[in-house]
Amino acid sequence: MAFSTEDPKFAEFRQLFAKARSVLVLTGAGVSAESGVPTFRGSGGFWRKYQATDLATPESFAKSPSLVWEFYQYRRELMATKEPNKGHLALAEAEKRFEKEGRRFVILTQNIDGLHRRAGSSNLIEMHGMLILHLKILYTSSENIGNLFKTRCTSCGFVEENKNNPICEALRGRGLPDVETGSEIPVADLPLCRQCQSLVRPHVVWFGETLWPDVREKIDKEIAQCDLFLVAGTSSVVYPAAAYASIISRLGVPVAEINIESTPSTSNSTGPSGELLPILLAPSVDEAL
Ligand code: BV8
Ligand code: ZN
């Protein structure tokens, strides 16, 4: 089901949303687009001549940790100036309201930009950031919550939050999307582990890496208990997230989508999430329009 506020599907969603006991929302890079964060496959999706899928892989990191760290330095620097948009805030507000009404509202995000958390969402599965956050299963050990600002040692596994910008002196001024620097930064000058001095990597799930079994289990549980599924801002290209809409639809659960283009999850586009989510998730219809 894809809709905009004019068509009847909007009213249908609002009725389902009013009755739903357990809403599951899958978000992708598109929900951060109105915060100024480039998406992966949209116009800003290329960094220099590379796609994220060329760089966010263990093979690329093994081949050139310097290039991959430039890519992440660029994204970390970018995030330092970005704020959650009205779509993030509407999701966080809906979660709090559902909580008060004894209903479930869970966000499953593919994003590692941390904007859902900064908007106040806490029933949040950051599926490419490794671990559950405050999903009442209370994985509170924050050391395992991965995102752009977390590093993991490639040898001792030490995880820590590192918001330094640049993350190391050698990356100062590096990472610009339109400047091919060419020169490899020696590993010794790249971000190193505070415990064992080995090279550290971004603490996120790369392409070709599996999600942690406990994350997959939590996602499966949410899929099994949701009675309304909303997909927002994802091209539905990256697995396993890309499969969820069809899995849930086959369970007989209504699936709705917000996107500015049509995707394999539904048939047509609807509009920008920053505009539509506040309307769709508003407490009452008159606040909706
Ligand atoms: C896995 C963290 C089991 C890193 C990310 C061959 C070999 C190995 C693996 C595979 C293979 N073939 C397939 C696979 C599986 C692979 C995969 O799916 N590849 C794709 C490219 C085909 N998946 C994996 O590897 C996953 N693990 O499957 O393990 C396994 C293991 C080995 C071998 C086989 C299987 C792990 C995937 C996790 C990758 N890590 N992020 C980082 O970010 O640096 S994924 C990355 O893509 C981002 O997290 C991003 O969020 C995500 C998905 O992209 P989208 O969010 O959808 O973003 P995109 O730009 O594509 O789309 C944005 C959408 O928003 C667009 O539709 C646009 O229209 C819309 N939009 C724009 N503006 C707005 C908007 N919508 C609304 N409002 C707006 N304003
Ligand atoms: Zn170490």
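Residues numbered from 1 in each chain as written. Chains lettered and ligands numbered in written order. Predicted model: local features only at pLDDT ≥ 70, side-chain atom pairs only at ≥ 80, totals over all residues. Heavy atoms only, no water.

By the naming in an unreviewed UniProt entry, the chain is NAD-dependent protein deacylase, taken from Adineta ricciae. We quote the UniProt Sequence similarities (unreviewed entry) comment for the chain here in full: "Belongs to the sirtuin family. Class III subfamily." Turning to the chain, the UniProt annotation filed under Function (unreviewed entry) states: "NAD-dependent lysine demalonylase, desuccinylase and deglutarylase that specifically removes malonyl, succinyl and glutaryl groups on target proteins. Has weak NAD-dependent protein deacetylase activity; however this activity may not be physiologically relevant in vivo." (UniProt positions renumbered as here; feature names shortened; annotations may be inferred.)

Moving on, we get to the environment of valine 205. Looking at the secondary structure, you find valine 205 in the loop between β9 (200–202) and α7 (213–225). Residue classification places valine 205 among the buried positions, given a relative accessible area of 12%. Separated by 95 residues in the primary sequence, valine 205 and glutamine 110 place their C-alpha atoms 9.8 Å from one another. (Helix = DSSP H or I, 4+ residues; strand = E, 2+ residues; numbered from the N terminus. Buried < 20%, exposed > 50% of the residue type's maximum accessible area, 1.4 Å probe, protein only.)

Quick look at the coordination of the zinc ion (ligand 2) now. Coordination of the zinc ion (ligand 2) by the protein is provided by Cys153 (SG), Cys156 (SG), Cys193 (SG) and Cys196 (SG), with metal-donor distances spanning 2.2 to 2.3 Å. Around the zinc ion (ligand 2), the four donor atoms are arranged such that angles at the metal cover 99 to 122°; this shape is classified as tetrahedral. Mapping the donors of the zinc ion (ligand 2) onto the primary sequence gives the spacing C-x2-C-x36-C-x2-C. When its relative accessible area of 1% is taken as the criterion, cysteine 193 is described as buried. (Donors = N, O, S within 2.8 Å, 3.2 Å for Na, K, Ca; no water. Tetrahedral: all angles 85-135°; square planar, octahedral: opposite > 155°, others 65-115°.)

Taken together, 33 residues sit near ligand 1, with Arg41, Tyr72, Ser235, Tyr239 and Glu261 positioned nearest. Glutamate 34 is positioned with one of its side-chain polar atoms (N or O) 2.7 Å from a nitrogen atom of ligand 1. Arginine 41 places a polar side-chain atom, nitrogen or oxygen, 2.4 Å from an oxygen atom of ligand 1. Taken by itself ligand 1 offers 1400 Å² of open surface, and the protein chains cover 77% of this. For the shell around ligand 1, the per-class residue count stands at 14 nonpolar, 14 polar and five charged. (Near = heavy atom within 4 Å. Polar contact = N/O pair within 3.5 Å; in protein donor to acceptor, adjacent residues only side chain to side chain. Areas by Shrake-Rupley, 256 points an atom, 1.4 Å probe, with all protein chains shown as cover. Nonpolar A, V, L, I, M, F, W, Y, C, P; charged D, E, K, R; others polar.)

Before going further, it helps to examine the environment of histidine 128. Tracing the backbone through its elements, the reader meets histidine 128 in the loop between β5 (124–126) and β6 (132–133). Overall, the relative accessible area of 14% leaves histidine 128 in the buried class.

Mapping histidine 88 onto the fold places it in helix α5 (residues 86–100). Reaching out from histidine 88, the side chain makes a polar contact with the side chain of serine 32 at a distance of 3.4 Å. Those residues within four positions of histidine 88 in sequence are excluded, and the remaining contacts are Val31, Ser32, Ser35, Leu115, His116 and Ala119. (Contact = heavy atoms within 4.5 Å.)

Turning our attention to the pairing of strand β7 (residues 150–153). Side-chain direction in a regular strand flips from residue to residue, so the side chains alternate between the two faces of the sheet. Neither face of β7 is left uncovered, since the one carrying Lys150 and Arg152 and the one carrying Thr151 and Cys153 both have all their residues buried. As judged from the three bridges shared by β7 and strand β8 (residues 159–161), these two strands associate in the antiparallel manner. Paired with threonine 151 across the strands is glutamate 160, a residue of β8. The turn joining β7 and β8, which pair antiparallel and follow one another in sequence, is formed by five residues; a positive phi near 80° is taken by glycine 157. (Pairing = 2+ DSSP bridges.)

Turning our attention to the environment of arginine 194. With respect to the helices and strands, the residue arginine 194 is situated in the loop between β8 and β9. We classify arginine 194 as exposed; its relative accessible area is 61%. Separated by 36 residues in sequence, arginine 194 and phenylalanine 158 have C-alpha atoms that sit 8.4 Å apart. If near-sequence neighbours (up to four positions away) are discounted, arginine 194 is found in contact with Phe158 and Glu160.

The three strands lie next to each other as β8-β7-β9, forming an open sheet whose pairing is antiparallel. Single-partner strands in this sheet number two, and they are β8 and β9. Averaged over all pairs of adjacent strands, the angle between their axes in this sheet comes to 30°, without regard to strand direction. Direction of pairing for β7 relative to β9: antiparallel, over a ladder of three bridges. Across the sheet, residue cysteine 153 finds its bridge partner in β9, namely valine 200. (Axes fitted to C-alpha atoms, helices over the stretch in contact; angles between N-to-C directions.)

Attention now moves to the UniProt feature "binding site: Zn(2+)" (unreviewed entry) in the chain. Under the UniProt annotation, the feature "binding site: Zn(2+)" (unreviewed entry) is placed at Cys153, Cys156, Cys193 and Cys196. Considering the C-alpha atoms alone, the annotated residues occupy 44 residues of sequence yet fold into one spot, their largest mutual distance being 8.4 Å. Following the sequence through the fold, cysteine 156 ends up in the loop between β7 and β8. Along the chain, cysteine 196 turns up in the loop between β8 and β9. In this structure, cysteine 196 is in contact with Cys153, Ser155 and Cys156, ignoring residues within four places of it in sequence.

Turning to the confidence of the model for the chain, a few remarks are in order. Chain-level statistics for the chain give a pLDDT mean of 88 and a share of 88% at 70 or above. Under a pLDDT of 50 for its full length, residues 131–144 has, in the predicted model, 39 contacts with residues more than four places off or in other chains. (pLDDT = per-residue confidence, 0-100.)

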